[in-house]
Amino acid sequence: MRTEVIKIDTEFIRLDNLLKFAGAVDTGGEAKFVIQDGQVLVNGEVCTMRGKKMRNGDKAQIEDFLIEVKAP
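Anyway, here's the lowdown on the structure attached to this text. (Residues numbered from 1 in each chain as written. Predicted model: local features only at pLDDT ≥ 70, side-chain atom pairs only at ≥ 80, totals over all residues. Heavy atoms only, no water.)

### Here we look at the side chain of Asp 58
Thought 1: Turning to its location among the elements, Asp 58 is positioned in the loop between strand 5 (53-54) and strand 6 (59-62).
Thought 2: Buried within the structure, Asp 58 lacks any salt-bridge partner; Lys 52 is the closest side chain of opposite charge, at an N-O distance of 5.7 Å.
Thought 3: Engagement of the side chain of Asp 58 in a polar contact is seen with the side chain of Asn 43, the distance being 3.0 Å.
Thought 4: Among all residues touching Asp 58, those that are not within four sequence positions of it are Asn 43, Lys 53, Ile 67, Glu 68 and Val 69. (Helix = DSSP H or I, 4+ residues; strand = E, 2+ residues; numbered from the N terminus. Buried < 20%, exposed > 50% of the residue type's maximum accessible area, 1.4 Å probe, protein only. Lys, Arg positive; Asp, Glu negative; His and termini not counted. Salt bridge = Lys/Arg side-chain N within 4 Å of Asp/Glu carboxyl O. Polar contact = N/O pair within 3.5 Å; in protein donor to acceptor, adjacent residues only side chain to side chain. Contact = heavy atoms within 4.5 Å.)

Structure follows, in structure tokens:
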């Protein structure tokens, strides 16, 4: 499994923006589709809210790509 740690300097990042920033998807439209289609796990559970606030320690997974959020 590929793991990417994304460091943010804000309180949170939206799930759709996190997927784009990490390179898991190419566009916002693609992010919207994979999230609404139930292909994304947040902290081990399916999440269909593209505006989900991802905070320090949260993890998102799409297929074999795991993204962890790190904040100050």
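### Examining the nonpolar core
Thought 1: Among the nonpolar cores identified, the biggest contains 20 residues, and Leu 15, Leu 18, Leu 19, Val 40 and Met 54 are the most heavily contacted of them.
Thought 2: Mapped onto this core, the elements with two or more residues apiece are helix 1 (15-22), helix 2 (28-36), strand 3 (40-42), strand 6 and strand 7 (65-70).
Thought 3: Counting residues per element, this core draws most heavily on helix 1, at 4 residues.
Thought 4: Residues within four places of Leu 18 in sequence aside, it is in contact with Ile 6, Ile 13, Met 54, Ala 60, Ile 67 and Val 69. (Core = buried A, V, L, I, M, F, W, Y, C linked by side-chain atoms within 4.5 Å.)

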